[in-house]
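Summary of structural features
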Amino acid sequence: MDEEYDAIVLGTGLKECILSGMLSVSGKKVLHVDRNKYYGGESASICPLEELFSKFGAPAPDDSYGRGRDWNVDLIPKFLMANGQLVKLLIHTGVTRYLEFKSVEGSYVYKGGKISKVPVDQKEALASDLMGMFEKRRFRNFLIYVQDFQQEDPKTWKDFDPTTADMQALYDKFGLDKNTQDFTGHALALYRDDDYLKRPALETIKRIKLYSDSLARYGKSPYLYPMYGLGELPQGFARLSAIYGGTYMLDKPIDEIVIGEGGKVVGVRSGNEIAKCKQVYCDPTYVPDRVRKKGRVVRCICLMDHPIANTKDALSTQIIIPQKQVGRNSDIYVSVVSYTHQVAAKGWFIAMVSTTVETENPENEIKPGLELLGPVRQKFTSVSDYYEPTDEGLQSQIFISQSYDATTHFETTCLDVLDIFKRGTGEEFDFSKIKHELGDEEQ
Amino acid sequence: MATIKIPEQKVILCGEYGVGKSSIFRRFTNNTFVTATDRKSTLGLDHYSKTYHVGDRDLKLQLWDTGGMERVASITSSYYKFAEAAVLVFALDNPASFHILSQHLLDIVTYAENAKIFLCGNKSDLLSDVPQITDTEIEAFCEQCHNLITGTYKTSCKTGEGVEEMFNDIASQLVQSNRSRLELQSMEQHGFKITPSEETTEDSCLC
Ligand SMILES: Cc1cc2nc3c(=O)[nH]c(=O)nc-3n(C[C@H](O)[C@H](O)[C@H](O)COP(=O)(O)OP(=O)(O)OC[C@H]3O[C@@H](n4cnc5c(N)ncnc54)[C@H](O)[C@@H]3O)c2cc1C
Ligand SMILES: Nc1nc2c(ncn2[C@@H]2O[C@H](COP(=O)(O)OP(=O)(O)O)[C@@H](O)[C@H]2O)c(=O)[nH]1
Ligand SMILES: [Mg+2]
């Protein structure tokens, strides 16, 4: 450890692993450390199942759960948008070759106590029980408008300036009712609250386009999920970093981030060892004094031996409960994955219900989500804080990832990473530095 | 799209730091050898594929190196995923690298359950008159692990001896075991790789 590095990365969560990979590829000498014995931090998928049970202090699982090591349980629910930033990053960095994906089978939205499939094409829109006859026509016109919309071509804006007029005005232009607005904003544009209504419509139009472009790629739903769980993602980027010369250390407690003149970081100390460096990149848990709490999240992992009712027995699905449907300020999310993704033993399903905490009784807040699941064999609930850095890190050269406004996908994750990279190195990441040709078969 | 796809099998290298995994990888990719533990020559190299002819069949071995992760940390579990074969490497002049094999074996059977496992004693050029690790010991080890080991080899990356023979044999072992396995494989269990789209922003309609 007693060496000098350009950058030391602390924590092997997804963001830190992407950063580590990008820094190594850019020719920086990188040391990547985690205090845990395993890769992934909070983004790890827990394996075997016994580990998950003991993590939550529950008695060991019985035989009905099958083999413990057939399970890989995520602690944080996320899906990838098929046409989104993370997929682009995976492709550009070549990390996609370490992974295999499956399409999430369906996306559902909650309305009036029951769930309906988010319509993905004209046929489904017409058959959908989310809207009445006339509303369907209006919704269809709205979708056509969004589809034809080109930012560069104001002719497609049709006498509506989305850079100044807000989203509410666009809904009103098409005469969409509150329910349709609700599922459009929350299940298609994936907003977690209704602030977007008062912001320029352009942002929402782009989000709906992302949704439909993603949908166009693999059908069924716009979401992808990796075989063996989300924990495969940070590992893929860690490997990228390693093959470009990054050094890995696990199970290494960090006792101090050593600060030198002018408040600038000069190294990292573990026990008696000090690794010198010019920069540190880390997640909030390594620098409690440099982050502030932004909110709290409640998540409930549910192990079930059956799919969710009314989802056509989908082996994977997402259900969004828009805030207004249950009188809240933020949406409740339910995600389901199963044995078909190699994350559970044969016949088993893992549902995750989560939301932003708004009251003193977080467990009660996720009830509407839990009620959709049917019988649950085992339930693990946790409430965790999430943080953002107190400064940009330019002075200290300590660049801290943030857990900013959560979305149902990884879009914000990638933006944060690219932004940190730019702050840290003063330049945009140059994807052409990756020697694609070398790793590939076309030799 | 008229080309017939040659089946490709992921083969991973496992074993202690310094036993010669990257050297084997280097022999496999461009048949060279360097004495220094110089990582530059494989920097950015992820895996490499080569076609082998076994009887009337062609098979591509896709060899993966660890990226040096095993030096201080452990290797990511995802390294093992989807592997069809694992080459467990130790150095013939380094008994410690042999005695720790069972740990690496455990990782392989845990994370790459279906992989065929091959044992490779490397640095055979360094063998003195009195071998550090005897053939009896190697046989005993194979027996101990319930004959999980499909083949054992001795190689020298320095002279190149035995390396090509080893991969030829691994290829033929895989072809044999695949005959039966490919038929059993249910397509269903498989995911897909994501690839760059041909930017068909056209028919991306929701309706
Ligand atoms: C099916 C599904 C369900 C989801 N449920 C929720 C949800 O109920 N509420 C929500 O806001 N986001 C939810 N997410 C969004 C997901 O957690 C975000 O992608 C992630 O929080 C974005 O954070 P990040 O990756 O930018 O930050 P990271 O740095 O990766 O995340 C930091 C931590 O904060 C967590 N976090 C921050 N805010 C929330 C939050 N409000 N809820 C849950 N976790 C949060 C992250 O999950 C993570 O643990 C869900 C996603 C999916 C696919
Ligand atoms: N004499 C000799 N040296 C070898 C042989 N194979 C590798 N080495 C040397 O052993 C050292 C470690 O090799 P390396 O391939 O980096 O090992 P790795 O850590 O397992 O990837 C290097 O100095 C190599 O030159 C061999 O067959 N004979
Ligand atoms: Mg090596």
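Fair warning: this is a prediction, and the values are worked out from it, not measured in the lab. (Residues numbered from 1 in each chain as written. Chains lettered and ligands numbered in written order. Predicted model: local features only at pLDDT ≥ 70, side-chain atom pairs only at ≥ 80, totals over all residues. Heavy atoms only, no water.)

As a further point, take the domain arrangement of chain A. Residues and elements named next belong to chain A. Considered domain by domain, chain A is made up of domain 1 (4-43 + 231-292 + 387-429), domain 2 (49-105 + 295-386) and domain 3 (118-218). On the side of domain 2, 24 residues touch domain 1, which itself brings 22 residues to the contact. Summing both sides of the interface, domain 1 and domain 2 together bury roughly 2,200 Å²; the carbon and sulfur share of this comes to 70%. Across the domain 1-domain 2 interface, the total number found is one residue pair in polar contact (both at pLDDT 80 or more). Sorting the residues of the side of domain 1 that touches domain 2 by element identifies helix 1 (14-25), helix 9 (232-243) and helix 12 (411-425) as the ones contributing at least two each. No other element matches helix 9, which puts seven residues into the side of domain 1 that touches domain 2. (Domains from an automatic or database assignment. Contact = heavy atoms within 4.5 Å. Buried area = accessible area lost by both parts, 1.4 Å probe. Polar contact = N/O pair within 3.5 Å; in protein donor to acceptor, adjacent residues only side chain to side chain. Helix = DSSP H or I, 4+ residues; strand = E, 2+ residues; numbered from the N terminus.)

Let us look at the site of ligand 2. Residue and element names in this part refer to chain B. For ligand 2, the set of nearby residues contains 20 residues, the closest of which are Gly18, Ser23, Thr35, Asp125 and Cys157. Residue Ser22 places a main-chain N or O atom 2.8 Å away from an oxygen atom belonging to ligand 2. With respect to ligand 2, the backbone of Val34 contributes an N or O atom lying 2.9 Å from an oxygen atom. When the free accessible area of ligand 2 is taken as 580 Å², the share hidden by the protein chains comes to 88%. (Near = heavy atom within 4 Å. Areas by Shrake-Rupley, 256 points an atom, 1.4 Å probe, with all protein chains shown as cover.)

Residue and element names in this part refer to chain B. Here six strands make up an open sheet; going across it, the order is 2-3-1-4-5-6 and the pairing mixed. Of all the strands in the sheet, the pair left with one neighbour each is strand 2 (47-54) and strand 6 (149-154). Looking at each pair of strands side by side, their axes are set apart by 25 degrees on average, direction ignored. Sheet topology places strand 5 (residues 116-122) next to strand 6; five bridges connect them, and they run parallel. In the sheet register, Ile117 faces strand 6, and the bridge partner there is Ile149. Against the sheet, helix 3 (residues 101-111) touches strand 1 (8-15), strand 4 (85-91), strand 5 and strand 6, its axis set at about 170 degrees to strand 4. (Pairing = 2+ DSSP bridges. Axes fitted to C-alpha atoms, helices over the stretch in contact; angles between N-to-C directions.)

Here we come to the packing of aromatic side chains. For any two aromatic rings, the description comes down to two numbers: the centre-to-centre distance and the angle of the planes. Across all of its chains, the model carries 32 aromatic pairs over all chains by this definition. When the ring of Tyr145 of chain A is compared with that of Phe149 of chain A, the centres are 6.2 Å apart and the planes differ by 50 degrees; the resulting orientation is tilted. For the pair Tyr145 of chain A and Phe149 of chain A, a shared accessibility class is recorded, and that class is buried. Consider the rings of Phe28 of chain B and Tyr52 of chain B, whose centres lie 6.4 Å apart with planes at 25 degrees: the pair is stacked. Separated by 24 residues along the polypeptide, Phe28 of chain B in helix 1 (residues 21-30) and Tyr52 of chain B in strand 2 bring together distant segments of the chain. On the basis of relative accessibility, which here comes to 3%, the residue Tyr52 of chain B falls in the buried class. Every member of this aromatic cluster is reached through a ring pair, and the members are Phe139, Phe142, Tyr145, Phe149, Trp157, Tyr171, Phe174, Phe183, Tyr191 and Tyr196 of chain A. One cation-aromatic arrangement involves Arg207 of chain A over Tyr191 of chain A; the distance from NZ or CZ to the ring centre is 4.0 Å. The ring of Trp64 of chain B has Lys10 of chain B sitting right over it, with the charged end atom 3.9 Å from the ring centre. (Phe/Tyr/Trp six-rings, centres within 6.5 Å; stacked < 30°, edge-to-face > 60°. Buried < 20%, exposed > 50% of the residue type's maximum accessible area, 1.4 Å probe, protein only. Lys NZ or Arg CZ within 6 Å of the ring centre and 35° of its normal.)

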